[in-house]
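# What the coordinates show
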Amino acid sequence: MYAATRPIDRLDAVAYLSRMAKLPIVTLPDPILRQVSAPVERVDDDLRRLIEDMFETMYAAPGVGLAAVQVGIPRRLLVVDAAEEGEERRPLALINPEILWLSDEKRVYEEGCLSIPDVRVEIERPARVRVRFLDKEGVQQELEASGLLATAIQHEIDHLNGRLIIDFLSRLKRDMIVRKFKKQAKGGVAA
Ligand code: NI
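All figures in this text were calculated on a predicted structure; none of them were measured in a lab. (Residues numbered from 1 in each chain as written. Predicted model: local features only at pLDDT ≥ 70, side-chain atom pairs only at ≥ 80, totals over all residues. Heavy atoms only, no water.)

### Let's talk about the packing of aromatic side chains
Here is the rule we go by: Within 6.5 Å between ring centres, the rings of Phe, Tyr and Trp (the latter by its six-membered ring) count as paired, and their orientation is classed by plane angle as stacked under 30 degrees, edge-to-face over 60, tilted in between. Elements are defined by DSSP. Helices are runs of H or I of four residues or more, strands are runs of E of two residues or more, and each kind is numbered from the N terminus. By definition here, charges over rings are those cases where NZ of Lys or CZ of Arg is within 6 Å of the ring centre and within 35 degrees of the ring normal.
Tallied over the full model, the rule gives one aromatic pair. Each ring, one from Phe55 and one from Tyr59, has its centre 6.0 Å from the other, and the planes form 20°; the classification is stacked. One end of the pair is Phe55 and the other is Tyr59, both in helix H2 (residues 45-60) and four residues apart, which spans about a single turn. Sitting over the ring of Tyr59, Arg89 keeps its end group 3.7 Å from the ring centre.

### Digging into the coordination of the nickel ion
Perfect tetrahedral coordination of a metal by four donors corresponds to 109.5 degrees between them, and perfect octahedral coordination by six donors corresponds to 90 or 180 degrees. Put simply, the rule is: Metal donors: N, O and S atoms at distances within 2.8 Å, or within 3.2 Å for Na, K and Ca, with water omitted from the atom set so that some sites may seem incomplete.
Coordination sphere of the nickel ion, protein contribution only: Cys113 (SG), His155 (NE2) and His159 (NE2), at 2.1 to 2.2 Å. Of note, the nickel ion draws all its donor residues from one chain, in the sequence arrangement C-x41-H-x3-H. A residue pair is termed a helical-turn pair when its members lie 3 or 4 positions apart in one helix, as His155 and His159 do in helix H3 (residues 147-160) at four residues.

### Points about the pairing of strand S3 (residues 92-102)
Applicable threshold: When DSSP finds two or more bridges between a pair of strands, those strands are recorded as paired.
Where strand S2 (residues 77-80) lies against S3, four bridges are found, and the strand directions are antiparallel. Bridge pairing links Leu77 to Ile95 in S3. Sheet analysis places S3 next to strand S6 (residues 128-134), joined by five bridges and oriented antiparallel. Residue pairing in the sheet places Leu102 in a bridge with Val129 of S6.

### Observations regarding the environment of Pro91
Quick reminder of the rule: Accessible area is worked out with a 1.4 Å probe on protein chains only. A residue is then buried under 20% of its type maximum, exposed over 50%, and partly exposed in between. What makes two residues a contact is simply this: any of their non-hydrogen atoms within 4.5 Å.
Of note, Pro91 is situated in the loop between S2 and S3. Of the residues examined, Pro91 reaches a relative accessible area of 47% and is grouped as partly exposed. Setting aside chain neighbours within four positions, we find Pro91 in contact with Phe55, Tyr59, Val80 and Asp81.

### Notes on the pattern of salt bridges
The criterion, for reference: The rule for a salt bridge is simple: a side-chain nitrogen of Lys or Arg has to be within 4 Å of a carboxyl oxygen of Asp or Glu.
The tally for this structure, following the rule as stated, stands at 15 salt bridges. One salt bridge connects Asp45 with Arg48, and the closest N-O pair in it is separated by 3.0 Å. Here Asp45 and its partner Arg48 are both found in helix H2, three residues apart, which amounts to about one turn of the helix. One salt bridge connects Asp46 with Arg49, and the closest N-O pair in it is separated by 2.7 Å. Placement of both Asp46 and Arg49 in helix H2 is noted, with a separation of three residues, approximately one turn of the helix. The partly exposed category is assigned to Asp46, whose relative accessible area is 31%. One network of salt bridges, in which partners are shared, links Asp45, Arg48, Lys136 and Glu137.

### Quick notes on the nonpolar core
Put simply, the rule reads: What we call a nonpolar core is a set of buried Ala, Val, Leu, Ile, Met, Phe, Trp, Tyr and Cys residues that are connected through their side-chain atoms within 4.5 Å.
Judged by nonpolar contacts, the single largest core of 29 residues is most densely connected at Leu28, Ile116, Val119, Val131, Ile153, Ile166 and Ile177. Secondary-structure elements contributing two or more residues to this core are S2, strand S5 (116-126), S6, H3 and helix H4 (171-187). Looking at this core, the element that brings in the most residues is H3, giving five residues. Setting aside residues up to four positions removed in sequence, Ile177 forms contacts with Leu28, Ile116, Val119, Ile166 and Leu169. Core analysis: the next-biggest nonpolar cluster, separate from the first, contains 16 residues, Leu47, Leu66, Val71 and Ile73 among them.

### Some details on the layout of surface pockets
If a probe as big as a water molecule is rolled over the atoms, it shows which places are left empty. Rules: Buriedness of a pocket was judged along seven lines, with at least five required to meet protein on both sides within 12 Å; pockets are open sets of points on a 1 Å grid over the protein atoms alone, cavities are sets where a 1.4 Å probe fits but cannot get out, and lining residues have an atom within 4 Å of a point. Grid points are joined across faces, edges and corners, and a volume is the space filled by probe spheres set on the points. Basically, the charged four are Asp, Glu, Lys and Arg, the nonpolar ten are Ala, Val, Leu, Ile, Met, Phe, Trp, Tyr, Cys and Pro, and anything else, Gly included, counts as polar.
Of the volumes computed, that of the largest pocket is approximately 780 Å³. As for the largest pocket, its lining consists of 31 residues, of which Pro62, Gly63, Val64, Gly65 and Arg120 are closest to the centre. Secondary-structure elements contributing two or more residues to the lining of the largest pocket are strand S4 (106-113), S5 and H3. At six residues, H3 tops the list of elements feeding residues into the lining of the largest pocket. Tallied by class, residues from the lining of the largest pocket come to 12 nonpolar, eight polar and 11 charged.

### Points about the pairing of S6
Residues of S6 alternate between two faces, with Val129, Val131 and Phe133 buried on one and Arg128, Arg130, Arg132 and Leu134 left unburied on the opposite face. Examined bridge by bridge, S6 and strand S7 (residues 140-146) share seven bridges and lie antiparallel to one another. Bridge assignment links Arg130 to a residue of S7, and that residue is Glu144. Two successive antiparallel strands, S6 and S7, enclose a turn made up of five residues, where Gly138 displays a positive phi of approximately 85°.

See the structure below:
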């Protein structure tokens with residue numbers, strides 16, 4: 001289930017991968033999730049195809065956000081769509097995002113993660129965030145977000161830095177969850 005043949009950096013395999021619409025999502029305890037993602041160096045058609053595939057993968061899951069490292073590509077790229085059910089889609093791709101400002105005001109959300117199925121963690125984060133990033137045309141943009149979008153952007157930027165929602169738990173709880181996923185991976189049981 002956790003492909004042992006996967007190269008460390010699959011960016012050179014993007015051209016091949018992008019022929020598939022939906023990409024496999026990496027889950028705990030795959031060590032790639034702890035890797036710090038490297039900056040995207042070129043915004044080109046290969047990257048835009050990867051972005052499209054990441055959106056398809058995220059919508060199919062379904063999820064509100066997905067970082068490239070979660071599909072095995074440790075590059076600083078994330079996609080989010082915080083639209084409510086029934087609302088029109090608001091796809092947003094952030095390349096090399098940088099947090100410029102976080103509000104003092106905090107907000108608590110119960111967060112889940114596509115790489116840690118069936119685990120939810122209550123996390124307090126800044127309620128608003130301002131980010132600078134490149135859009136899919138390679139143009140620098142700034143965005144101020146609040147609500148679910150602000151939470152999702154912070155969650156996905158954490159992924160780019162190898163940080164996961166279980167890191168907000170006590171060490172005891174975190175170890176218990178990691179152990180459970182290790183056992184599942186070994187036994188090949190999809191619980
Ligand atoms: Ni996640």
